[in-house]
Structure formats: structure tokens, C-alpha cells
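Coordinate analysis (summary)
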Amino acid sequence: MKIWKISLLCLSALFVAGVQNSEAKKMKTWDKGAVEAGKYRNYFKELGYKQKDIDAKIQRAYYEVFESPTRAYFEVQVDGKMMAYVSDVKNRDVRTEGMSYGMMVAVQMDKPEMFNKLWRWANYYMRHNEEGPSHGLFAWSCRVDGRRNSGGSASDGELYFVTDLLLASRRWGSFEEFDYLKEAQELLNQLFSKDGTGGVTNIINMKEKLINFCPDTRSNEWTDPSYHLPAFYEVWAETAQDGREDLYRELADNARQYLHKACDEKSGINPDQSKFDGTPNRGSEFHYDSWRVPMNIAMDFNIYHKDAEWQHEYADKFQKTLAAYGIEEFPDQFGLDGGKPSYVMGAGGKRELRHSIGIVGTCASASLMTDNEYSRDIVRHFWDMEMGPDMYSDGYYDVYYDGLINLFALLHLSGNYRVNW
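Nothing here was measured: the structure is a model prediction, and the numbers come from that model.

Describing the overall build of the protein chain
Within the protein chain, the secondary structure is distributed over 15 helices and nine strands. Rg of the C-alpha trace for the protein chain: 22 Å, near the compact-globule value of 22 Å for 421 residues, within the 12% margin. Its C-alpha atoms put the protein chain at 90 × 45 × 45 Å along the principal axes. Evaluated residue by residue, the protein chain yields a buried proportion of 59% over its 421 residues. Considering only contacts within the protein chain whose residues lie at least 6 apart along the sequence, 65% involve residues at least 24 apart. Of the accessible surface of the protein chain, which amounts to about 17,600 Å², a share of 49% is contributed by carbon and sulfur atoms. Taking the 50 positively charged and 63 negatively charged side chains of the protein chain as two groups, their mean positions are separated by 4 Å.

So, in C-alpha cells, the structure goes:
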């Protein structure tokens, strides 16, 4: 009897080990990007989730941001045309960040009508159509009625707008009144025609060949690591057809090299803002903007795979730093060494560290680049989190920033964030 029990235990152990080894083998990172491989990785499905459940989870996340009673998306009729805006509801404004994110969601989820409603609102209220140094650029913040809070532009919004339009041109060509490639080319021409006159510059610091914080002579001297999306420049080079292909490829390579410098060698943590050499700007640490960096790097790895070795090592460092706090407990702000930040930024009037779904989503996205001891469990934990007004016991709920980043992470991990279809 004892021999039988021992044999059974051995067989059971071998079975478990076999399952674990099989899973470990299955979750190995891909050795090609999606563009070369001709397909996109569905990490959730590899992890064992059913496709119908994956689709339903994406739809629930979309519903929360764009359709629920606590949504961030609103449609309006202006001069007889249907328009729409995405609002940072906690701050009661409309930002080029949110508008361009909404357009990216629309193109990824095949919603051309929504895409056009957002683009009409951005052009009608946010764009500098008047003659002057800022002509063709977008005011980064408006009130929900369209009145501008600021005339200045934010470089990430412009970066996203171009990429949105180029991807729309790939997916739809043109729709309703918009020829998307032409729209993108016109915006690119405006973005690369600024020479400092009136204090307005390109969104690219042309000396450093890196994106700046804002296209003005002051903010042209530093940057934001979350604005560096090499995959977007690859799309520009492949699609824009404007004679700047070599420049765009250079920008992609420079962005990758910059990220090497901006992410701490040991912790993988990056500051919210930095100088062009990657060192923190004015004591900046890892706060809300920084959440986007691991997801941006994962996007580049997953689609183009041109910096895979460094990106793999980065993902290991970053996930290890966060997992040291506990996979279900790590906070959303850090010092550059991965410890507590010297100050805590507040959102919605709350200055406290949180285990936010946005940071969990971007950390989960990093699993596309590696398969370490934490990767799969981080993705499982992300899967188990659910957007909704009751998600936090203290009543905190950010349908805008948390919601959009959550949705992007779901699209990346399901193989639904694409640059071709």
C-alpha cells in the first residue's frame, strides 16, 4: 500500500511538473515581431482563457469608458454635425491626450464613425486654424464646451493624432469627409514647419532628434519618457509617404536608445520627465505619466522586435521591482530605485499610493517581453481586476486615465492592438 501511494504521488508530481514545464514552454516570448510574423500574439489565450471571455472582457472595459453612466465619452451636435469628446472627468476638461487615445481605441476596435466624431471635435475646438505661429497645432486642454484652457500644445497628443490618422488610412482609407492619409500628411507638415517663431517649435527637438515635452522654446529642452513610442515612428516611416522616411526611422532608433538611458539600470523605473540624456528633470520620479512606459516598450517589442534583447531585460527588472511589493499590492508611484517616492502626486484630490488598475495593466503588458517567475501571475491578477465605480473601497474611480490604459493593456495582451489588419 505504501509503495502504491508513493508511486501515485510520484506520478502526480510528474504530471504537475509536466504541466508547469508545458506552460513555461508555451509562454516563451516570440522571436519575431507581429509585422514579420504576420500575426499578433494573444497572451490571454495562451494562458488558457477562452476567446469568448477575452472578447467579453474587452467589451466590458470599452463599455465602462465609452457607454456607461460614469463614462468619459460624450457626443454632441455642433453646426449640424455629430462630434464627440473624451473628458478627463475628474479634472473636468478635454485633452489632446484623451482625444487621441479615443481615436486610437476607435481604429483598433473598427469604429470609424466614432473616430470621425472625435476628429471633428478636435479640429473644431482644439486646432489652431487661425494664422500664426501655432497654426495647425492643437490646444492641449479645453473645457467640455470647447473653450480653451490653454493655447499651448502637448507633444504626445500631436504624436498620437498623426499615428491615429495613419492607422485609420491603413484600415479604412477614407470615410465620410476624411481622407486619413491626407489629413496625416497635412498635420506632419505643420509639425515639421515650426522654427521657434513666436516661441513655437516642432514636437521634435531637431538637435537631439527626440520628442520634446511641448512644442515651445522652453519645453523643447526636456522630454517625457512616456512620449517615446518607437513603434509609432515605424508606422510613420512605412505609411506617411511624405519624404521623411529616413528621419522617422532615425527617430525610432533614437527613441529606443533614449529609453535605455531613462529606465534605471537596476530597477527599470523611469522618471515622469527627464532631460534628453535620460536623467530626471527637476527631481522627477515615477508617477502617472510613467505608467505608460512599460506598455509602450512592450508595443515596440511585440510589433517590431528591433530592440528585443534590451527590452526583455528591461521587462524582467521592471516586473521584479513591482513584484517585490507583492503582485496584488504594489503601488503606482516609485522613487527611481524602486523604493517609495519622495512625494506622492494626487489624482482627483487624493494624494495617496494606490494599487491602480492602470499600473497593473502596463506591468501585465510587459509580460509580452518576458516569461519570468512573476509574468503569468501578474497577467492573471490583471485579468481578475474589473473596471467599475465600485472597484476601490474608498470610492476612488478614474474612468478616464485608468480606464483608457486598462483598455489599451487588454488590447495588447489579446492581440488586438495592431498596426495592420
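Alright, that's what it looks like, and here's the rest.
Examining the packing of aromatic side chains
For the coordinates displayed, the defined rule picks out 31 aromatic pairs. Consider the rings of F408 and Y417, whose centres lie 5.7 Å apart with planes at 75 degrees: the pair is edge-to-face. The same class applies to F408 as to Y417, namely buried. Here a set of aromatic residues connected by ring pairs shows up, and it is made of F286, W310, Y314, F318, Y325 and F334. Positioned over the ring face of W383 is K57, at 5.3 Å from the centre of the ring. The side chain of K90 reaches across the aromatic face of Y396, ending 4.7 Å from its centre.

Quick notes on the sheet that holds strand β1 (residues 73-78)
A sheet is described by the order of its strands in space; here five strands give the open sequence β1-β2-β3-β4-β5, paired in antiparallel fashion. The open sheet is flanked by β1 and β5 (148-150), the only strands paired with a single partner. Relative to strand β2 (residues 81-88), β1 runs antiparallel, the two being bridged by six bridges. Considered in β2, the bridge of F74 is made with Y85. Those strands touched by helix α6 (residues 112-126) are β1, β2, β3 (93-95), β4 (141-142) and β5, and its axis lies near 80 degrees from that of β2.

Considering unusual backbone geometry
The general pattern is negative phi for most residues beyond glycine and trans for most peptide bonds. Even without being glycine, Q241 reaches a positive phi, approximately 55 degrees. Residue Q241 is classed as exposed on the basis of its relative accessible area, which comes to 59%. Phi at R282 takes a positive value of approximately 55 degrees, unusual for a residue other than glycine. With respect to the secondary-structure elements, R282 resides in the loop between α10 (245-262) and α11 (292-303).

Focus on the nonpolar core
F66 and W236 are the most contacted members of the largest nonpolar core, which has 137 residues in total. Ignoring sequence-local partners within four residues, the contact set of W236 consists of L159, V162, T163, L166, L188, F192, I203 and Y248.

What counts and how
Residues numbered from 1 in each chain as written. Predicted model: local features only at pLDDT ≥ 70, side-chain atom pairs only at ≥ 80, totals over all residues. Heavy atoms only, no water. Helix = DSSP H or I, 4+ residues; strand = E, 2+ residues; numbered from the N terminus. Rg over C-alpha atoms; globule rule 2.2 N^0.38 Å. Buried < 20%, exposed > 50% of the residue type's maximum accessible area, 1.4 Å probe, protein only. Contact = heavy atoms within 4.5 Å. Areas by Shrake-Rupley, 256 points an atom, 1.4 Å probe, with all protein chains shown as cover. Lys, Arg positive; Asp, Glu negative; His and termini not counted. Charge placed at Lys NZ, Arg CZ, Asp CG, Glu CD. Phe/Tyr/Trp six-rings, centres within 6.5 Å; stacked < 30°, edge-to-face > 60°. Lys NZ or Arg CZ within 6 Å of the ring centre and 35° of its normal. Pairing = 2+ DSSP bridges. Axes fitted to C-alpha atoms, helices over the stretch in contact; angles between N-to-C directions. Core = buried A, V, L, I, M, F, W, Y, C linked by side-chain atoms within 4.5 Å.

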